[in-house]
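Take a look at the letters that make up each chain.
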Amino acid sequence: MAVAGVYRRVLPSPPAIEFASPQGKKLFTEALEGGTMEGFFKLISYYQTQSEPAYCGLASLAVVLNALAIDPGRTWKGPWRWFDDTMLDCCEPLSKIKDEGITFGKVSCLAFCNGANVEAFRTNESSIDEFRRHVISSASSEDSHVITSYHRGVFKQTGTGHFSPIGGYHAGKDMVLILDVARFKYPPHWVPLTLLWEAMDTIDNATGHHRGFMTVSRIPKAPSILYTVSCRHEGWNKVAKYLTEDVPLRLKSDDVKSVENLLSVIFKSAPADLKEFIKWVAEVRRQEDGSMILSEEEKGRLVMKEEVLKQTRETELFKYVAKWSASKISLCKGVTSWGLKETLPELAADICCQGAELFMGKLSSSEGTCCRQTNVTLLKVDDEKAMTVVSGTVTTDGIEKGIETLVPSSITELSNLCDFDQSNCKGMHPSTADVLTVLLLALPQHTWSGIKEEELRMQFNHLASVDKLPSLLQQEVQHLRRQLHFLMTDVSAP
């Protein structure tokens, strides 16, 4: 028996004014003459409908990222690189967002890790006047856009929490144009800015925090080169709290006498999901008819990744972490319990799964695996430096696709690393010691203020200082700190 379903909703008016109505057109014309519709044309060029009822945050972000002409660095369909709401899953699995939606902090984090500059404001941390200034500034240019998180009930609309971008501003009437991404439900509409502020000044029951707004603009380069924070796993909030709240307390209460002792205090009691919290970003591409040619763009990105890896391994902190991880009390002894994957074949299997998600939209396999025939080879073109390529076959819904992963490498003193030696790539690709080093650098500097031993506190502050890091690594660490900041706005106490 067919279900009739629902065909749109009648837009409650007042308080809203439909964009396409005579009054809505008049407001648009007046706002255009006033110079506060400049951002509208870019947004409307890439305006899209959310593909799932709970994808409003993802769709709003996809519209804005495309409007800012930010290159996602990965394909959407065929050869085309393009932001679609189904691609924005690095902070939360799409299946979970489909059921529960997404929080304000995670949308901010998603915008940032996909190449945008983000300023996020909850209403209890801002004011209506500040909000108005940001709206006017963004509406008067093409360089930034505002995404709002609000409660529909204030506008007498059905539903609860919702995200949508602001398309323009009418100064005379103090009204904003909401480009509602749930176009199957409500069309774009004008609402009083004061009423939108009231709709934002509500509590999201999922986090216990106020809703708010964010300004999103373009930055000249991708913020993440080699490392990124991942919150796709269920325990990410426990890890974030452990690192930012529990670790400083442990350092105050525990009798920490040396750097090695400090590392043990931090990592031996860490949640099991710590291994999933910081990932290294792989270059994944389709296998093209057996061709092993790298584009100049791919070569350039790989060189930058290798430079970040090299700079990480040249820090004094890395030497301590690598030595500690190779000791008897280290992660090497507990690598099975942590589930860490250090060899390239193991990493390749995980990366192939990521490739399946990127290129085919979902994972499925009757055998419960998504990769087979994983190979590690060294690719050398002409007189250029050899590059490590991991290849495998992804099987999804019976369709096979070849996936290749370009792996950054850095020669180091192998004696300083855990003794993992497979595929002749021992100690070259990103390892546990690299990731833990970057994680420590990314923690706020005040984390170490509670260390009781003054000499040790000064020593570790020096080891974990970002100020004297090489610029590329410094930018990478600051990127991770920013990601962690956005995530903590969701999990910290209201």
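**Here we look at the overall build of the protein**
Next, step 1: When its secondary structure is counted, the protein shows 16 helices and 17 strands.
Next, step 2: Burial status across the protein gives 54% buried among its 494 residues.
Next, step 3: Expressed as a percentage of contacts within the protein between residues at least 6 apart in sequence, the contacts between residues at least 24 apart total 68%.
Next, step 4: Total accessible area computed for the protein in this model is approximately 22,400 Å², and 51% of it derives from carbon and sulfur atoms.

**Notes on the confidence of the model for the protein**
Next, step 1: On average, residues of the protein carry a pLDDT of 79, and 71% of them reach 70 or more.
Next, step 2: The low-confidence segment residues 358-369, where pLDDT is below 50, has 26 contacts with residues more than four positions distant or belonging to other chains.
Next, step 3: Across residues 412-428, where pLDDT falls below 50, the model places 39 contacts with residues more than four positions away in sequence or in other chains.

**Structural notes on the sheet that holds strand β11 (residues 212-218)**
Next, step 1: If you trace the seven strands from one edge of the open sheet to the other, you get β1-β8-β7-β6-β5-β11-β4, paired in antiparallel fashion. With one partner strand each, in any of the chains shown, β1 (17-18) and β4 (116-122) form the two edges of the open sheet.
Next, step 2: Relative to strand β7 (residues 175-178), strand β6 (residues 161-170) runs antiparallel, the two being bridged by four bridges. Within β7, the position partnered with H170 by the bridge is M175.

**Digging into the nonpolar core**
Next, step 1: One finds F277, W448 and F460 to be the most contacted residues of the largest nonpolar core, which totals 96 residues.
Next, step 2: With nine residues, helix α3 (residues 56-67) is the single largest residue contributor to this core.
Next, step 3: Beyond its immediate sequence surroundings of up to four residues, F460 is in contact with V259, L262, L317, L440, W448 and I451.
Next, step 4: In terms of nonpolar packing, the next biggest core, distinct from the first, is built from 22 residues, F131, V176, L193 and A199 among them.

**Considering a nonpolar patch on the surface**
Next, step 1: Judged by side-chain polarity, L32, F41 and I44 come together as a nonpolar surface patch covering roughly 220 Å² of accessible area.
Next, step 2: Note on placement: F41 falls in helix α2 (residues 40-45).

**Some remarks on unusual backbone geometry**
Next, step 1: A cis amide bond, omega 0°, links S13 with the succeeding residue P14.
Next, step 2: Positionally, P14 belongs in the segment before β1.
Next, step 3: For the bond from P14 to P15, the omega torsion is 15°, close enough to zero to count as cis.
Next, step 4: Inspection of the secondary structure assignment puts P15 in the segment before β1.
Next, step 5: A positive phi angle is found at R8, which is not glycine, with a value near 60°.
Next, step 6: With respect to the helices and strands, R8 occurs in the segment before β1.
Next, step 7: One non-glycine residue with positive phi stands out, namely K156, at about 65°.
Next, step 8: Positionally, K156 belongs in the loop between β5 (144-151) and β6.

**A word on the side chain of D204**
Next, step 1: Summarising the element assignment, D204 is placed in strand β9 (residues 203-204).
Next, step 2: Look at D204: it is buried, it has no salt bridge, and the nearest opposite charge is R211 at 4.2 Å.
Next, step 3: Beyond its immediate chain neighbours, meaning those up to four positions away, D204 contacts T103, H209 and R211.

**Side note on the side chain of R122**
Next, step 1: As for its position among the elements, R122 is in strand β4.
Next, step 2: A distance of 2.7 Å separates a polar side-chain atom of R122 from the backbone oxygen of H210.

**Here we look at the environment of G153**
Next, step 1: Checked against the element boundaries, G153 lands in the loop between β5 and β6.
Next, step 2: For the pair formed by G153 and A199, sequence separation is 46 residues and the distance between their alpha carbons is 7.6 Å.

**Concerning the environment of L463**
Next, step 1: Here L463 shows up in helix α15 (residues 454-463).
Next, step 2: Judged by its relative accessible area of 6%, L463 is buried.
Next, step 3: Sequence-wise, L463 and T315 are 148 residues apart; in three dimensions their C-alpha atoms are separated by 8.1 Å.

**Quick look at α3**
Next, step 1: Compared with an ideal rise of 1.5 Å per residue, which puts 12 residues at 16 Å, α3 spans 16 Å between its outermost C-alpha atoms and is within 8% of the ideal.
Next, step 2: α3 sits mainly inside the fold: 12 of its 12 residues count as buried.
Next, step 3: Turning to α3, its buried residues number three or more, namely C56, G57, L58, A59, S60, L61, A62, V63, V64, L65, N66 and A67.
Next, step 4: Residue A69 follows α3 closely and has a positive phi angle near 60°.

**A closer look at the packing of helix α11 (residues 316-325) against helix α14 (residues 432-442)**
What describes two packed helices is the angle between their axes and the distance between those same axes.
Next, step 1: Across the interface, α11 lies against α14 with an axial gap of 9 Å and an inter-helix angle of 130°. Classified by the angle between their axes, α11 and α14 sit oblique to one another. In the packing of α11 onto α14, the handedness of the crossing is right-handed. Facing α11, whose interface residues are L317, F318, V321, A322, W324 and S325, α14 presents A433, D434, L436, T437, L440 and L441.
Next, step 2: Looking at the contact of α11 with α14 residue by residue, the classes come out as nine nonpolar, two polar and one charged.

Conventions and cut-offs
- Residues numbered from 1 in each chain as written.
- Predicted model: local features only at pLDDT ≥ 70, side-chain atom pairs only at ≥ 80, totals over all residues.
- Heavy atoms only, no water.
- Helix = DSSP H or I, 4+ residues; strand = E, 2+ residues; numbered from the N terminus.
- Buried < 20%, exposed > 50% of the residue type's maximum accessible area, 1.4 Å probe, protein only.
- Contact = heavy atoms within 4.5 Å.
- Areas by Shrake-Rupley, 256 points an atom, 1.4 Å probe, with all protein chains shown as cover.
- pLDDT = per-residue confidence, 0-100.
- Pairing = 2+ DSSP bridges.
- Core = buried A, V, L, I, M, F, W, Y, C linked by side-chain atoms within 4.5 Å.
- Patch = residues over 30% accessible without salt bridge, like charges linked within 9 Å, V, L, I, M, F, W, Y side chains within 5 Å.
- Salt bridge = Lys/Arg side-chain N within 4 Å of Asp/Glu carboxyl O.
- Lys, Arg positive; Asp, Glu negative; His and termini not counted.
- Polar contact = N/O pair within 3.5 Å; in protein donor to acceptor, adjacent residues only side chain to side chain.
- Expected span 1.5 Å × (residues − 1).
- Axes fitted to C-alpha atoms, helices over the stretch in contact; angles between N-to-C directions.
- Parallel < 35°, antiparallel > 145°, perpendicular 65-115°, else oblique.
- Left-handed = near helix turned anticlockwise from the far one by under 90°.
- Nonpolar A, V, L, I, M, F, W, Y, C, P; charged D, E, K, R; others polar.

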